[in-house]
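Architecture at a glance
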Amino acid sequence: MPAEATPPTGDLPPEEFRKYARETVDWMADYLGGVGELPVLPNVAPGDVRRSLPEHPPEVGEPLDVVLADFRALIVPGITHWNHPAFFGYFSITGSGPGVLGEMLAATLNVNAMVWRSSPAATELEELTADWLRQLLGLPETFDGVINDTASSSTMYALAAAREVAYPDAHERGLFGQQPGRVYASDQTHSSIEKAVLTLGLGRDGYRPIPSDREFRMRPDALSAAIAQDRAAGLRPVAVVATLGTTSSSSMDPVAEIADIAREHGLWLHVDAAYGGPAAIVPELRSLLAGWERADSIVVNPHKWLFTPVDCSLLYCRRPEALTRAFSIVPAYLSAPDGSETRNLMDYGLSLGRRFRSLKLWFVLRYFGREGLIARLREHVAMAAWLGEQIDASPRWVRVAPTPLATVVFRYVDPELDGPAQDARNMAILHAVNSTGSAYVIHTVLSGRVALRASIGNLKTTMDHVADLWTLLEDAAADQAG
Ligand SMILES: *Cc1c(COP(=O)(O)O)cnc(C)c1O
């Protein structure tokens with residue numbers, strides 16, 4: 001066989017890696033510096049990206065120059081830029097510079113922290129960063145933290161632990177023939193709660209939404225009534241989920257009152273603070289979360305409002321033995337040969353393999369420090385408050401929910417229009433704003449009516465971007481009013 005036909009073996013040589021890594025890092029720095037100039041939303045229709053790429057994998061390897069050029073020419077134009085300072089959709093996030101560096105190094109080390117031995121530093125840094133964040137959040141030492149990919153996984157694991165406690169013999173026998181269980185959460189809760197209940201075999205009926213009040217907070221009286229009713233009907237209450245920062249309106253459930261009810265009935269209390277949790281780092285905001293320290297488990301997502309690249313979700317649990325009871329199955333090849341007692345992260349969830357996620361969080365916490373985090377979170381809250389004030393001061397706009405954190409929910413109101421026409425008008429304003437490419441906001445539905453929603457949480461966002469958003473909204477509203 002001629003030499004040139006021999007398929008190459010082995011990896012990219014280190015010197016070539018260095019060359020392409022430098023080129024890539026240059027691109028990254030330019031991108032992060034200039035992302036504000038790009039349209040927030042890509043101008044693509046479904047299928048465009050796929051159609052621009054070959055249908056079949058290459059038979060022979062391609063030069064990295066070509067791959068990188070295609071990345072820039074074909075992939076980047078199909079990206080929604082979450083890094084854009086005027087990205088106000090969903091919950092605005094930041095893959096901060098320090099976080100990206102940590103992520104690069106984690107990819108380079110490529111360890112799998114399933115057991116302590118499979119990477120001692122990854123296991124111990126995860127323990128350490130979880131504990132650092134716990135301290136920053138002001139939670140008691142009794143909370144033990146592990147890092148998962150997402151809040152959806154963290155919540156599913158927490159509710160699996162709750163199920164272990166509520167059905168001690170289900171561990172052996174499963175739920176067949178057992179008393180049906182119920183998990184309570186407000187009607188504003190994230191869909192991940194219902195998904196977890198379904199996954200855990202409690203069925204759709206096992207999820208009982210509790211009505212919320214006019215400010216979209218769970219009504220404790222309705223929770224008590226639901227538990228009493230279910231008990232009387234022969235059902236088994238398993239857990240209650242309180243949310244601090246709901247997805248639609250960022251409302252904060254009255255977690256202290258909910259904790260009282262959970263204790264009274266012996267229910268597991270899980271707190272979904274995926275978005276709102278970081279507010280506890282800010283002294284003047286911490287009281288918004290008061291009572292969460294009495295939870296059995298809490299989820300906080302550093303990949304949301306804490307400047308850590310996706311994915312990084314902290315699950316804190318006060319009863320880690322319930323969690324490991326749910327998930328610890330140790331095959332011989334993973335047991336410690338010397339029988340030593342170390343923490344093995346595989347025992348805390350479904351996945352055996354675990355990325356070295358704590359590295360990027362460690363970089364973020366060290367780079368910003370408590371003071372730096374407080375200053376930035378405060379700034380986001382202040383910008384949201386400013387936007388709220390513009391809305392309140394304007395005769396044609398109303399805020400439809402309070403703004404406890406940095407997410408503003410509002411609606412354009414034209415007294416001439418009925419409800420559905422009002423909804424259509426708001427959607428038209430939304431599309432007009434988003435089609436400029438200069439900002440991105442989303443809509444939600446609250447009390448059956450369309451509302452617009454701007455979440456402020458990116459480190460690049462300044463008052464100018466928020467002021468521009470307000471101008472875009474006002475202009476779009478004026479145009480639509482014709
Ligand atoms: C974002 C969010 C979730 C889901 O988070 P993932 O990490 O994407 O699974 C769940 N609950 C709340 C309140 C959220 O804001």
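Residues numbered from 1 in each chain as written. Predicted model: local features only at pLDDT ≥ 70, side-chain atom pairs only at ≥ 80, totals over all residues. Heavy atoms only, no water.

1. Considerations on the overall build of the chain
Summing up its helical and strand segments, the chain has 15 helices and 11 strands in all. What you see for the chain is a C-alpha radius of gyration of 25 Å, in line with the 23 Å of a compact globule of 482 residues. Referenced to the eigenvectors of the C-alpha coordinate spread, the extents of the chain come out at roughly 80 × 75 × 45 Å. When burial is assessed residue by residue, the chain has 48% of its 482 residues classed as buried. Expressed as a percentage of contacts within the chain between residues at least 6 apart in sequence, the contacts between residues at least 24 apart total 74%. Surface accessibility of the chain: about 22,500 Å² in total, with carbon and sulfur atoms responsible for 55%. Separation of charge centres in the chain, based on 42 positive and 58 negative side chains, amounts to 5 Å. (Helix = DSSP H or I, 4+ residues; strand = E, 2+ residues; numbered from the N terminus. Rg over C-alpha atoms; globule rule 2.2 N^0.38 Å. Buried < 20%, exposed > 50% of the residue type's maximum accessible area, 1.4 Å probe, protein only. Contact = heavy atoms within 4.5 Å. Areas by Shrake-Rupley, 256 points an atom, 1.4 Å probe, with all protein chains shown as cover. Lys, Arg positive; Asp, Glu negative; His and termini not counted. Charge placed at Lys NZ, Arg CZ, Asp CG, Glu CD.)

2. Here we look at the sheet that holds strand 10 (residues 442–446)
As summarised here, the arrangement of the 4 strands in space is 8-9-11-10, forming an open sheet in which the pairing is antiparallel. Each edge of the open sheet is held by one strand with a lone partner, namely strand 8 (397–399) and strand 10. Between one strand and the next, the sheet's axes are offset by a mean angle of 40 degrees, whatever the strand orientation. With 5 bridges connecting them, strand 10 and strand 11 (residues 449–455) associate as antiparallel partners. Within strand 11, the residue paired with L446 across the bridge is R449. On the sheet, helix 15 (residues 463–481) packs against strand 8, strand 9 (407–412) and strand 11 and is oriented at approximately 130 degrees with respect to strand 8. (Pairing = 2+ DSSP bridges. Axes fitted to C-alpha atoms, helices over the stretch in contact; angles between N-to-C directions.)

3. Here's the deal with the sheet that holds strand 7 (residues 313–317)
One open sheet holds the 7 strands; their spatial order is 1-7-6-5-4-2-3, and the pairing between them is mixed. Looking at strand neighbours, the two that pair on one side only are strand 1 (144–148) and strand 3 (207–210), the edges of this open sheet. Going from strand to strand, the sheet's axes swing by 20 degrees on average, the running direction of each strand aside. For strand 2 (residues 181–186) and strand 3, the ladder comprises 4 bridges, and the chain directions are parallel. Among the inter-strand pairings, S186 is bridged to a residue of strand 3, identified as I210. Across the sheet, helix 6 (residues 151–166) touches strand 1, strand 2, strand 4 (236–243), strand 5 (268–272), strand 6 (297–300) and strand 7, and the angle it forms with strand 4 is around 150 degrees. Sheet strands touched by helix 10 (residues 255–265): strand 4 and strand 5. Its angle to strand 5, the strand with the most contacts, is close to 160 degrees.

4. Brief notes about the side chain of T155
Position of T155 relative to the elements: it lies in helix 6. Here H270 takes part through its side chain, which lies 3.0 Å from a polar atom of the side chain of T155. Apart from the residues lying within four places of it in its own chain, the contact partners of T155 are I193, A196, H270 and V299. (Polar contact = N/O pair within 3.5 Å; in protein donor to acceptor, adjacent residues only side chain to side chain.)

5. Let's talk about the packing of aromatic side chains
What the rule picks out here adds up to 16 aromatic pairs. Ring geometry for W82 against Y90: centres 5.3 Å apart, planes inclined by 15 degrees, an arrangement best described as stacked. Judged by its relative accessible area of 34%, W82 is partly exposed. The partly exposed category is assigned to Y90, whose relative accessible area is 38%. Both rings, one in F91 and one in Y275, keep their centres 3.7 Å apart while their planes meet at 15 degrees; by these two values the pair is stacked. Taken together, the residues F91 in the loop between helix 3 (64–75) and helix 4 (97–109) and Y275 in the loop between strand 5 and strand 6 connect sequence positions 184 residues apart. On the accessibility criterion, Y275 (2% relative accessible area) is buried. These aromatic residues form a ring-pair network of at least three members: W82, F87, Y90 and Y440. Geometry around W362 places R366 over its ring, the cationic atom sitting 4.7 Å from the centre. Between R453 and the ring centre of F91, over which it is positioned, the NZ or CZ distance is 4.7 Å. (Phe/Tyr/Trp six-rings, centres within 6.5 Å; stacked < 30°, edge-to-face > 60°. Lys NZ or Arg CZ within 6 Å of the ring centre and 35° of its normal.)

6. Here we look at the domain arrangement of the chain
Domain assignment breaks the chain into domain 1 (8–41 + 80–94 + 369–482) and domain 2 (112–355). Put simply, the middle of domain 1 and the middle of domain 2, counted by C-alpha atoms, are 29 Å apart. Opposite the 28 residues of domain 1 that make contact, domain 2 presents 31 residues. Where domain 1 abuts domain 2, roughly 2,400 Å² becomes buried across the two surfaces, and 70% of that area is made up of carbon and sulfur atoms. When the buried area of domain 1 at its contact with domain 2 is split by residue, F91, L377 and L405 rank highest and sum to 29% of it. Where domain 1 packs against domain 2, one counts 1 salt bridge. Across the pair E284 and R378 runs a salt bridge, and its minimum N-O distance is 2.6 Å. At the level of elements, helix 13 (358–393), strand 9 and strand 10 are the ones that each hand at least two residues to the side of domain 1 that touches domain 2. Residues of the side of domain 1 that touches domain 2, tallied by class, amount to 17 nonpolar, 7 polar and 4 charged. (Domains from an automatic or database assignment. Buried area = accessible area lost by both parts, 1.4 Å probe. Salt bridge = Lys/Arg side-chain N within 4 Å of Asp/Glu carboxyl O. Nonpolar A, V, L, I, M, F, W, Y, C, P; charged D, E, K, R; others polar.)

7. Description of the pattern of salt bridges
Summed over all chains, the structure comprises 25 salt bridges. The partner of R319 in a salt bridge is D296, with the nearest N and O atoms 3.3 Å apart. Of this pair, R319 sits in the loop between strand 7 and helix 12 (320–327) while D296 sits in the loop between strand 5 and strand 6, and the two are 23 residues apart along the sequence. Residue classification places D296 among the buried residues on the basis of a relative accessible area of 10%. Across the pair R355 and D311 runs a salt bridge whose closest N-O atoms are separated by 2.8 Å. Of this pair, R355 sits in the loop between helix 12 and helix 13 while D311 sits in the loop between helix 11 (302–305) and strand 7, and the two are 44 residues apart along the sequence. The partly exposed category is assigned to R355, whose relative accessible area is 37%. Within the structure, one salt-bridge network assembled from shared partners comprises E103, D311, R355, R357 and K360.

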